[in-house]
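# Observations on the model geometry
What follows is each chain in one-letter form.
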Number of protein chains: 2
Amino acid sequence: MRKKKPGPQRRSGCPLNASVEMLGDRWSLLIIRDMMLLGFRTYKEFLHSYEGIATNILADRLRKLEAHGIIATKRDPADGRKLIYSLTPKGIDLAPVLTEMVLWAAAHEDTGNPALVRQMKKNKERFLAAVRRRWAGKPIRATAD
Amino acid sequence: MRKKKPGPQRRSGCPLNASVEMLGDRWSLLIIRDMMLLGFRTYKEFLHSYEGIATNILADRLRKLEAHGIIATKRDPADGRKLIYSLTPKGIDLAPVLTEMVLWAAAHEDTGNPALVRQMKKNKERFLAAVRRRWAGKPIRATAD
DNA sequence: TATTTTAACTTGCATTTCACAAGTAAGATG
DNA sequence: CATCTTACTTGTGAAATGCAAGTTAAAATA
């Protein structure tokens, strides 16, 4: 895995800024959540996710996530209409970020999904291992590289 | 600490969605970074931060962060013009989120500040403890409550 | 094989947010 | 009291967002 690429002009070299420029919007992390925790893999599934993303925004975010090497796309061999989206290793590595964001909100806001939160809180490492195991072998080679 | 408030209408009850609605933009987390890691406390300092936020956006973000109870504001007793912004306990609790975002970007992108990254990577817990210690006692009572 | 469905988009348009520049009010400074 | 600072607000154009409708290629159906 060639870890680092020069990248386009960023506002700054700060790693947090890099994360924010890739993920700092109202939809990207929710799409990654849907893939990581709910196993969503197709456009239609994302589109019908609870929060209700607009079709043009979804297409744009999928494009950008793929351009950043966070997700990968391939055609479904069984159905030529479908594209199958999956997390790359880079995308899977976002599991700790999602976990901390979930735990933070659960600690300070009135939120739902107590089962997930309980599981994450009870044993963070075990939860992260489960995500990685579920995705082991599955990621497709990223096209953007 | 009254942990949870009913909160306004959200797109969904998912804790990740709650986090994204509060922090999912291109500036909020950078402001928190400036407070947490660089010790910035005034409008002017934020304004002159490296990435160069616009004044109206900064005012808007500070307002929203305060409304969410993430930061608190009080007047500088020594200079009546100045407002002193500080992290609330809720804001300090974002340290693990920032840490994971920094480590993720540092692992997968070409970024700067290797000293910070090294420190975070070497001992995450020690780093988080240092942030908490630095802010111990300092947070001001949140006005938004 | 012709027709209808389905999946994954694109396009158009109104609304909201953002970025940049300039202006303002209250408090400090000389 | 004139000037400077600090923390903003306001105005304006550009960009992003949200919603509805349309498009294309492949698959399912009649």
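In what follows, the structure referred to is the one given above.
I will try to describe carefully the structure that is included in this document. (Residues numbered from 1 in each chain as written. Chains lettered and ligands numbered in written order. Predicted model: local features only at pLDDT ≥ 70, side-chain atom pairs only at ≥ 80, totals over all residues. Heavy atoms only, no water.)

Quick look at the interface of chain A and chain B now. Every contact between the two is made by 50 residues of chain A and, on the other side, 50 residues of chain B. When chain A packs against chain B, the two sides together hide about 4,800 Å² of surface, and 64% of this comes from carbon and sulfur. At the surface where chain A touches chain B, the tally comes to four salt bridges. The partner of Arg10 of chain B in a salt bridge is Glu109 of chain A, and the shortest N-O contact between them spans 2.5 Å. One can count 18 residue pairs in polar contact (both at pLDDT 80 or more) joining chain A with chain B. Elements represented by at least two residues in the side of chain A that touches chain B include exactly α1 (15-23), α2 (28-38) and α6 (95-108) of chain A. Considering every element that reaches the side of chain A that touches chain B, the biggest residue donor is α6 of chain A, with 11 residues. (Contact = heavy atoms within 4.5 Å. Buried area = accessible area lost by both parts, 1.4 Å probe. Salt bridge = Lys/Arg side-chain N within 4 Å of Asp/Glu carboxyl O. Polar contact = N/O pair within 3.5 Å; in protein donor to acceptor, adjacent residues only side chain to side chain. Helix = DSSP H or I, 4+ residues; strand = E, 2+ residues; numbered from the N terminus.)

Looking now at the protein's contact with DNA strand D. Arg61 and Gly80 of chain A together with Lys44, Thr55 and Tyr85 of chain B are the nearest of the 20 residues found near DNA strand D. What you see for DNA strand D is that sugar and phosphate hold 64% of its atoms within 4 Å of the protein. Contact between DNA strand D and Arg61 of chain A: a phosphate oxygen at 2.4 Å from a side-chain N or O atom of the residue. Between a phosphate oxygen of DNA strand D and a side-chain N or O atom of Arg63 of chain B, the distance comes to 3.3 Å. The set of elements that each furnish at least two residues to the surface near DNA strand D consists of α4 (55-67) and β2 (79-87) of chain A together with α3 (43-47), α4 (55-67) and β2 (79-87) of chain B. Counted by class, the surface near DNA strand D contains seven nonpolar, six polar and seven charged residues. (Near = heavy atom within 4 Å. Nonpolar A, V, L, I, M, F, W, Y, C, P; charged D, E, K, R; others polar.)

Looking now at the environment of Ser86 of chain B. Relative to the helices and strands, Ser86 of chain B is located in strand β2. Considered as a pair, Ser86 of chain B and Ala72 of chain B are 14 residues apart in the sequence and their alpha carbons are 5.3 Å apart.

What follows is about the protein's contact with DNA strand C. By nearness alone, 19 residues border DNA strand C, and Lys44, Thr55 and Tyr85 of chain A together with Arg61 and Gly80 of chain B come closest of all. When atoms of DNA strand C within 4 Å of the protein are split into backbone and base, the sugar-phosphate part holds 69%. Note that a phosphate oxygen of DNA strand C is positioned 3.4 Å from one of the backbone N or O atoms of Leu83 of chain A. Contact distances for DNA strand C include 2.8 Å between a phosphate oxygen and a backbone N or O atom of Gly80 of chain B. For the surface near DNA strand C, the secondary structure elements donating two or more residues are α3 (43-47), α4 and β2 of chain A together with α4 and β2 of chain B. Its residues assigned to classes, the surface near DNA strand C shows six nonpolar, six polar and seven charged.

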